[in-house]
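Topology and contacts: notes
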Amino acid sequence: MKPFEVPSYDQVAEEARPAFDRFIKLTGKMPNLYATIGYSANALNSYLQYVNEQARGTFHAKEREAIYLIVSQFNGCEYCLASHTQSAIKNKWTEDETLSLRAGTYPDARWQVIYKVIKSVIEQKGLVSDGLLDEFFALGYDKTALIDLMVLINVMSFTNYTYRLTQIPIDFPLAKDI
C-alpha cells in the first residue's frame, strides 16, 4: 500500500477544522489518527459525536480505557495500544495492569469475564455463548451494559481498523508488548 500521509489543518475540509481546534486546545496537538480520519469531515465529526455520547453509558472512563485496550489488543492496533495505554495510566491504571488487562490475566473476575466477552464478540463476529452471557449477567451487569459494551467495541474497532488501513505514524510512546 502507498504511504498514507497525515493531513494538516490546512489540508482538511473547513468542517473538520473545529475538531482540530478542540483537540489542540485540550491536548496541545491533533493526534495523527484523528487527523487522518479528518480526511472525511463527516467521518471525524460523526465519530467524535458518537464517542462523546457513548461516554454516558454504563462504563466510566477508567473502565472504558481498559475495554479499549482489550479491543485494541485483539485487533492488533499498535497506535490505539499506545494512545490508550497513556489514557489508562491517566485514569489510574498502572502500566503493569494495562499489560495484564490486554493479556486477559487481570485477576479481578469481572475483567476476566469482560475480556472473554470482548474476545468472543471479535473472534466470533458478535456471537457470545449463553454460558458466557450468564457469567456477564451474574456480575450484576444487565442488557443495557451489554449493549454499551458492544458500542465500546465498535468505537475502538473503527479506530483500530483505520490505523491498520493507513499505518500512519504513531505519535504516542509505544505500548509494551505482552
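Look up: the structure comes first, before these words.
Below is a summary of the structure that appears in this document. Just so it is clear, the structure is predicted and the values come from calculations on it, not from any experiment.

Moving on to the packing of aromatic side chains. Taken as a whole, this structure holds 13 aromatic pairs when the rule is applied. With 5.8 Å between their ring centres and 35 degrees between their planes, Y79 and Y163 make a pair best called tilted. With Y79 in helix α5 (residues 78–90) and Y163 in helix α9 (residues 143–166), this residue pair connects regions lying 84 residues apart in the sequence. Cation over ring: K62 sits above W93, and NZ or CZ is 4.6 Å from the ring centre.

Where helix α4 (residues 61–75) contacts α5, the axes come no closer than 9 Å and their chain directions differ by 160 degrees. The orientation of α4 with respect to α5, classified from their angle, is roughly antiparallel. Handedness of the crossing formed by α4 with α5: left-handed. Contact residues: E65, Y68, L69, S72 and Q73 in α4; C80, L81, H84, T85, S87 and A88 in α5. For the contact of α4 with α5, the residue count by class is five nonpolar, five polar and one charged.

Once that is clear, we can look at the layout of surface pockets. Taken as a whole, the largest pocket holds about 1,000 Å³ of empty space. Taken together, 33 residues make up the lining of the largest pocket; nearest its centre are F23, T27, Y34, H84 and S87. Going through the elements one at a time, α1 (17–27), α2 (32–37), α3 (41–54), α4, α5 and α9 are the ones with two or more residues in the lining of the largest pocket. Residues belonging to the lining of the largest pocket are distributed by class as follows: 17 nonpolar, eleven polar and five charged.

Attention now goes to the environment of P169. Mapped onto the elements, P169 comes out in the segment after α9. Residue P169 is classed as partly exposed on the basis of its relative accessible area of 49%. Between the C-alpha atom of P169 and that of D130, which follows or precedes it by 39 residues, the distance is 41 Å. Setting aside its immediate chain neighbours within four residues, P169 contacts V6, N32 and Y79.

Further remarks concern helix α6 (residues 95–103). Listing the buried residues of α6 in full gives T98, L99, S100, L101 and R102. Elements in contact with the buried residues of α6: α4, α5 and α7 (109–123). Once α6 ends, the next one or two residues include G104, with phi positive near 80 degrees.

Procedures and definitions
- Residues numbered from 1 in each chain as written.
- Predicted model: local features only at pLDDT ≥ 70, side-chain atom pairs only at ≥ 80, totals over all residues.
- Heavy atoms only, no water.
- Phe/Tyr/Trp six-rings, centres within 6.5 Å; stacked < 30°, edge-to-face > 60°.
- Helix = DSSP H or I, 4+ residues; strand = E, 2+ residues; numbered from the N terminus.
- Lys NZ or Arg CZ within 6 Å of the ring centre and 35° of its normal.
- Axes fitted to C-alpha atoms, helices over the stretch in contact; angles between N-to-C directions.
- Parallel < 35°, antiparallel > 145°, perpendicular 65-115°, else oblique.
- Left-handed = near helix turned anticlockwise from the far one by under 90°.
- Contact = heavy atoms within 4.5 Å.
- Nonpolar A, V, L, I, M, F, W, Y, C, P; charged D, E, K, R; others polar.
- 1 Å grid on protein atoms, 1.4 Å probe; cavity = no way out; pocket = protein on both sides within 12 Å on 5 of 7 lines; lining within 4 Å.
- Points joined across faces, edges and corners; volume = space filled by probe spheres on them.
- Buried < 20%, exposed > 50% of the residue type's maximum accessible area, 1.4 Å probe, protein only.

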